[in-house]
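# A closer look at the structure
Here is how the chains run, residue by residue.
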Amino acid sequence: MDRPFRIVVTDRNRHVRAFLRRELAQDGYEVMEAVDYRELQKILGSSVNVDLLVLDPDIAVQSLRVVLRTLKQRYPTMRVVVHSF
C-alpha cells in the first residue's frame, strides 16, 4: 500500500472523536471523522478509500443490524469495528 492506512472514526461525541483521532494518528494512521450517519455516507460515497471504519452504533438512523448489513453489501472489503461506551 503506497498510502497510509485510512480509518474513519464515527461518534457523536466530539471529545471521543478527537481522542481516537489523536491516538490513531500518533501511530501513523490517516484518520477522518464523521459526526453522524449522513457524514459517514458522504465520506464512503466519495472517492476516498477507507480501510477501517470505527462505528459508534448511536449514529445509526436504523438498527445497527441494518446498518452493518448495508455496509457489508456496499463495501464488502471494508473492515468495521463497532465501539460504544
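Take the nonpolar core next. Counting 13 residues, the largest nonpolar core has Val8, Leu40, Leu53, Leu55 and Leu71 as its most contacted members. Where this core is concerned, the elements lending two or more residues are α2 (37-44), β3 (52-55) and α3 (64-74). Here this core takes four residues from α2, the largest share from any one element. In terms of nonpolar packing, the next biggest core, distinct from the first, is built from eight residues, Ile7, Val9, Leu20 and Leu52 among them.

Now for the sheet that holds strand β1 (residues 6-10). The four strands are arranged β2-β1-β3-β4 in an open sheet whose pairing can be described as parallel. Two strands lie at the open edges of the sheet, namely β2 (30-34) and β4 (79-82), each paired on one side alone. With direction set aside, neighbouring strand axes in the sheet form an average angle of 20°. Against the sheet, α2 contacts β1, β2 and β3, and its axis sits at roughly 135° relative to β2. Relative to the sheet, α3 contacts β3 and β4, its axis offset from that of β3 by approximately 170°.

Across the protein chain, pLDDT averages 92, with 99% of residues at or above 70. For the protein chain, α3 is the element with the lowest average pLDDT, namely 92, and β1 is the one with the highest, namely 97.

So, on to the pattern of salt bridges. This structure, assessed with the given rule, holds six salt bridges. Among the ionic pairs, aspartate 51 bridges to arginine 3, the shortest N-O distance being 2.8 Å. Here aspartate 51, found in the loop between α2 and β3, pairs with arginine 3, found in the segment before β1; they are 48 residues apart in sequence, far enough to count as distant. Residue classification places arginine 3 among the partly exposed positions, given a relative accessible area of 24%.

Calculation notes
Numbering of residues begins from 1 in every chain and follows the order in which that chain's sequence is written. Residue-level local features of this predicted model are given only where pLDDT is at least 70; pairs of side-chain atoms are given and counted only at 80 or more, and the full residue set underlies all totals for whole chains, interfaces and linings. Excluding hydrogens and water, the side-chain figures rest on all heavy atoms present in the structure. The set of buried Ala, Val, Leu, Ile, Met, Phe, Trp, Tyr and Cys residues whose side-chain atoms join them within 4.5 Å is what this entry labels a nonpolar core. Categorising residues by exposure relies on relative accessible area from a 1.4 Å probe, with only protein chains included: less than 20% of the type maximum marks a residue as buried, more than 50% marks it as exposed, and the intermediate range marks it as partly exposed. The helix count covers DSSP runs of H or I at least four residues long, the strand count covers runs of E at least two residues long, and both are numbered beginning at the N terminus. Only strands that DSSP links by at least two bridges are regarded as paired with each other. Angles run from 0 to 180 degrees between N-to-C directions of axes, and those axes are lines fitted to C-alpha atoms, restricted for helices to the stretch in contact. The contact rule is simple, with two residues in contact once any of their heavy atoms fall within 4.5 Å. Known as pLDDT, the predictor's per-residue confidence is scaled from 0 to 100. What makes a salt bridge here is a side-chain nitrogen of Lys or Arg within 4 Å of a carboxyl oxygen of Asp or Glu, nothing more.

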